[in-house]
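Commentary on secondary and tertiary structure
Residues per chain are reported as follows:
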Amino acid sequence: MNSIESIKKEFNTNVLEVSTSHNETYLTVKKELIVKMCDYIYHHLNLPIVCIFATDERKIDGSFKIHYVFSEVKDDAFIILRISIDEENPKYPSITNKIASANWYEREIQDMFGLVPQGHPDPRRLMNFEDWPAGVHPLRKDFDIKTKPPRVDGEYIYRRVEGEGVYEIPVGPVHAGVIEPGHFRFSVAGEPIINLEIRHFYTHKGVEKLFENISIDKAVFLAERISGDNSVAHAVTFCQAMEKIAGLNIPPRANHIRTILLELERIYNHIADIAGIATDVAFSFGAAHANKLKEDVLQLNERVTGSRLLRGMNTIGGVRRDIGGRKDEILLSLSIIQRDFRKLMEHLSSTPSLMDRIETTGRIYNDIAKGLHVVGPVGRASGIDRDMRRGHPYAAYKEFNFKVIVSKAGDVHARTIVRADEVCESVGLIEQALWSLPEGDLRVKVDKIPDGHALGICEAPRGETIYWIRTSGNKIERCKVRDPSFCNWLSIEYAVLDNIVPDFPIINKSLSLSYSGNDM
Amino acid sequence: MTVEDEIEIMGQRLNDKIRNIFGRSLHIREVDAGSCNACEVEVNALSNPIYDIERFGLHIVASPRHADMLLVTGPVTRNMELALLKTYNATPSPKLVAAMGSCACNGGIFGDTYASCGGVDKIIPVDVYIPGCPPRPQAVIFGLMVALDKLEQKIRKKEV
Ligand code: SF4
């Protein structure tokens, strides 16, 4: 019996409607039952919840909808539960007490749509800051994007840890290094951290609302700018969702090129993270070496695509430019980069002052990682064997061989090793894609996107990235973006426990979290 | 000409300017006022061994109180507006402000919305605009030279 049948059998008449499009099955259910059903799918069928989002459908049937997306990698399928919420009674039962990873999604929906998760353990605001007036919800359709709500008085209450010798250290939003803005509130007793609370969304730019207000061809550029160093992953995910809606088959050559771009992006990001870790333990030689390697990849990117960050290459229907003519150059550069990278890793792992700082530091245990649905290399370093390139294959990944690197230790060292090994796998993938590059077109022409909705999914350097898009009248009606960092940020509150304050930067770097992708 | 040669030539010119105006080095504080983080990738690249701007007397410092110049990226988000203003006020005069990237110049693709105030000059005075999305490291160095020229003019006119 497959999962859908099990759900139907378990909840028979409570499943009001079933519809299927592509590999997505939508089950409309009663909102009173949502906790039970999510609990069943999550704990009994063992499927992770990968996204929760709302839509404002008051124009169609006078209600809001909330969607709970579960991923089933066994069949490359998605199960989506959908509940309906009236405007007059904008409340629904919270599932956070059963499924911890729902926490931020429900708070996000509360801010953006004004739908209240009842029984949520932490109903504070998330995206709308305390100076945001009550009752104003940006993603509601009757909120105009140009509105400038007045600033009001308000206070954000942090969790407090009290006791003899307990001090608070507030850090940010403007940090000492060149990193993005966010706030960290540490409670320390001497050097060890006994509590950390993060406060983000300083870089909230209203991206999801913007998608509803720009033309479809401009939207790809916006996707590229949600989390700048994961440009390709975001663009590809966006395009895939659109292509699914339009029922387009992408030319094989374009899929190969997309794979190459995605892996180039992974390589420079992973090397940058390793450079960051070396910097933060004050191992300047290693950092300089790694930063030079990263620059080598960025310069290769520029020679091949015209953009150091590989921007402007993807478009709905395929890719804009060919890179086949640069095959030899890419292969040669990568072989040199890989050789130097191996040397660097040997060097790092034989440097006691570095290893001392990263082994057993910043542990994220497997059950915590699972509970929070930690994704990407960070999840894999904590024993979660999950990779979208294999689980929900896209682009040309089905055709190639690669290993999914998993480690159990869950510390900074494990995350470093997972990334290092992934760099080598990425080089292998690019080689395979270049050697087997098919002839043919780069893109299919698209004039108009039909009305519809679909999910796009991709394994960005930071982990699984998800888009859910609904189109209508050749415009985007709703675009939900779920960056991997939105899943991973909360794990830092656990990773730092019992570690000392000076190790915080290393732990933070090893988690490689995007603020912009998270805040949107 | 390789990237290395390009940087060598630009860097020497920059170094001369810094010596003329400041008689020492130029201290820069980078402020992310809501960028997509790609501008930060390029600011960080400035310190890698290829560009290595430190050798021309440019330092990226940890606090606005040590800075001669703010290098601001991103459209200013509603949530960062206050932090940017505070950072500006904490920077000693005479100070320069460079808006780096299309977003910082005029809001870029994020424009002027409920969440974004638009360009940096909506909040604090800007001396030089460095376009690009993100600007290449070479463009940032060039932008810094223009900013220094501007400061030189100001000093001559006794405006600062
Ligand atoms: S200018 Fe471009 S790269 Fe810089 S923050 Fe804006 S979108 Fe990102």
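Criteria and cut-off values
Residues numbered from 1 in each chain as written. Chains lettered and ligands numbered in written order. Predicted model: local features only at pLDDT ≥ 70, side-chain atom pairs only at ≥ 80, totals over all residues. Heavy atoms only, no water. Phe/Tyr/Trp six-rings, centres within 6.5 Å; stacked < 30°, edge-to-face > 60°. Helix = DSSP H or I, 4+ residues; strand = E, 2+ residues; numbered from the N terminus. Buried < 20%, exposed > 50% of the residue type's maximum accessible area, 1.4 Å probe, protein only. Lys NZ or Arg CZ within 6 Å of the ring centre and 35° of its normal. Contact = heavy atoms within 4.5 Å. Buried area = accessible area lost by both parts, 1.4 Å probe. Salt bridge = Lys/Arg side-chain N within 4 Å of Asp/Glu carboxyl O. Polar contact = N/O pair within 3.5 Å; in protein donor to acceptor, adjacent residues only side chain to side chain. Core = buried A, V, L, I, M, F, W, Y, C linked by side-chain atoms within 4.5 Å. Expected span 1.5 Å × (residues − 1). Domains from an automatic or database assignment. Arc of directions from axis to C-beta. Axes fitted to C-alpha atoms, helices over the stretch in contact; angles between N-to-C directions. Parallel < 35°, antiparallel > 145°, perpendicular 65-115°, else oblique. Left-handed = near helix turned anticlockwise from the far one by under 90°. Nonpolar A, V, L, I, M, F, W, Y, C, P; charged D, E, K, R; others polar.

**Considerations on the packing of aromatic side chains**
Per the stated rule, a full pass over the model turns up 21 aromatic pairs over all chains. Judged by centre distance (4.8 Å) and plane angle (80°), the rings of Phe186 of chain A and Phe504 of chain A are edge-to-face. In this pair, Phe186 of chain A sits in strand S9 (residues 183-189) while Phe504 of chain A sits in helix H18 (residues 504-511), placing the two residues 318 residues apart along the sequence. Since its relative accessible area comes to 10%, Phe504 of chain A is described here as buried. An aromatic cluster of three or more residues is present, and its members are Phe184, Phe186, Trp489, Phe504 and Tyr515 of chain A. One cation-aromatic arrangement involves Arg199 of chain A over Phe129 of chain A; the distance from NZ or CZ to the ring centre is 4.2 Å. The ring of Tyr88 of chain B carries Lys95 of chain B above its face, with NZ or CZ at 4.1 Å from the centroid.

**Looking at the interface of chain B and chain A**
Contacts between the two partners involve 42 residues from chain B and, on the opposite side, 55 residues from chain A. When chain B packs against chain A, the two sides together hide about 3,800 Å² of surface, and 59% of this comes from carbon and sulfur. Seen at the junction of chain B and chain A, the total is five salt bridges. Across the salt bridge formed by Glu302 of chain A and Arg136 of chain B, the nearest N and O atoms sit 2.7 Å from each other. Here chain B is connected to chain A by 28 residue pairs in polar contact (both at pLDDT 80 or more). Secondary-structure elements contributing two or more residues to the side of chain B that touches chain A are strand S1 (26-32), helix H2 (38-45) and helix H3 (81-90) of chain B. Per element, the largest residue contribution to the side of chain B that touches chain A is seven residues, and it comes from H2 of chain B.

**Side note on the pattern of salt bridges**
All names here are of chain A. According to the stated counting rule, one finds 49 salt bridges over all chains in the structure shown. Lys244 is the partner of Glu24 in a salt bridge, and the nearest nitrogen-oxygen pair spans 2.6 Å. Here Glu24 is found in strand S2 (residues 24-29), whereas its partner Lys244 is found in helix H7 (residues 231-246), with 220 residues between them in sequence. This pair shows no difference in class: Glu24 is buried, exactly as Lys244 is. Among the charged side chains, a network of salt bridges with common partners joins Glu263, Arg266, Arg380, Asp387, Arg389, Glu422 and Glu459.

**Some details on the nonpolar core**
Of all hydrophobic cores here, the largest spans 174 residues; its most connected members are Ile66, Tyr68, Phe70, Leu81, Phe211 and Phe238 of chain A. With twelve residues, helix H8 (residues 252-280) of chain A is the largest single contributor of residues to this core. Not counting chain neighbours up to four residues away, the residues in contact with Leu81 of chain A comprise Leu27, Val29, Ile34, Met37, Cys38, Ile41, Ile66, His67, Tyr68 and Phe70 of chain A. Core analysis: the next-biggest nonpolar cluster, separate from the first, contains 33 residues, Val43, Met69, Val140 and Leu144 of chain B among them.

**Here's the deal with H8 of chain A**
All names here are of chain A. Relative to the 42 Å expected for 29 residues at 1.5 Å per residue, H8 spans 42 Å between its end C-alpha atoms, a close match to the ideal helical length. Across the 29 residues of H8, 25 count as buried, placing the element largely inside the fold. Remark: Ala282 follows H8 within two positions and exhibits a positive phi of approximately 65°.

**Details of the domain arrangement of chain A**
Residues and elements named next belong to chain A. Taken domain by domain, chain A holds domain 1 (3-118), domain 2 (166-199) and domain 3 (207-519). When each unit is reduced to the centre of its C-alpha atoms, the spacing between domain 1 and domain 3 is 28 Å. Taken together, the contacts link 32 residues of domain 1 with 26 residues of domain 3. Of all residues in domain 1, Val50, Phe53 and Trp104 give up the largest surface area on contact with domain 3, accounting jointly for 24% of the area buried on that side. Seen at the junction of domain 1 and domain 3, the total is 15 residue pairs in polar contact (both at pLDDT 80 or more). At the level of elements, S2, strand S3 (49-57), strand S4 (63-72), strand S5 (77-86) and helix H4 (103-113) are the ones that each hand at least two residues to the side of domain 1 that touches domain 3. For the side of domain 1 that touches domain 3, the element with the most residues is S3, which contributes eight residues.

**Section: unusual backbone geometry**
Glycine aside, a negative phi is what most residues show, and trans is what most peptide bonds show. Here the residue pair Ser93 of chain B and Pro94 of chain B is connected by a cis peptide bond, since its omega of -5° sits within 30 degrees of zero. The topology assignment puts Pro94 of chain B in the loop between H3 and strand S4 (96-100). Cis peptide bonds are those with omega within 30 degrees of zero, and the linkage from Cys133 of chain B to Pro134 of chain B qualifies with -10°. Positive phi is not limited to glycine here, since Asn474 of chain A has a value of about 60°. In this structure, Asn474 of chain A sits in the loop between strand S14 (463-472) and strand S15 (475-482).

**Side note on H3 of chain B**
Residue and element names in this part refer to chain B. Among the residues of H3, those classed as buried are Ala83, Leu84, Thr87, Tyr88 and Ala90. Axial view of H3: buried residues confined to an arc of 165°, hence all on one face. Opposite the buried face of H3, by more than 90 degrees, sit the exposed residues Leu82, Lys86 and Asn89. Buried residues along H3 sit in contact with S1, strand S3 (69-73) and S4.

**Looking at the packing of helix H9 (residues 284-305) of chain A against helix H10 (residues 327-349) of chain A**
Residue and element names in this part refer to chain A. As a packed pair, H9 and H10 sit with axes 10 Å apart at the nearest point and diverge in direction by 165°. Taken together, H9 and H10 sit at an angle that is classed as roughly antiparallel. Along this stretch, H9 crosses H10, giving a crossing that reads as left-handed. Of H10, the residues touching H9 (which contributes Phe285, Gly286, His289, Ala290, Leu293, Asp296, Val297, Leu300, Arg303 and Val304) are Glu329, Ile330, Ser333, Leu334, Ile337, Asp340, Phe341, Leu344, His347 and Leu348. A class-by-class count of the residues in the contact of H9 with H10 yields twelve nonpolar, four polar and four charged.

**Some remarks on the packing of H7 of chain A against H8 of chain A**
Residue and element names in this part refer to chain A. H8 packs onto H7 with a crossing angle of 145° between their chain directions and a minimal axis gap of 8 Å. Facing H7, whose interface residues are Ser231, Val232, Ala233, Val236, Cys239, Gln240 and Glu243, H8 presents Arg258, Leu261, Leu262 and Glu265. Partitioning the contact of H7 with H8 into residue classes produces six nonpolar, two polar and three charged.

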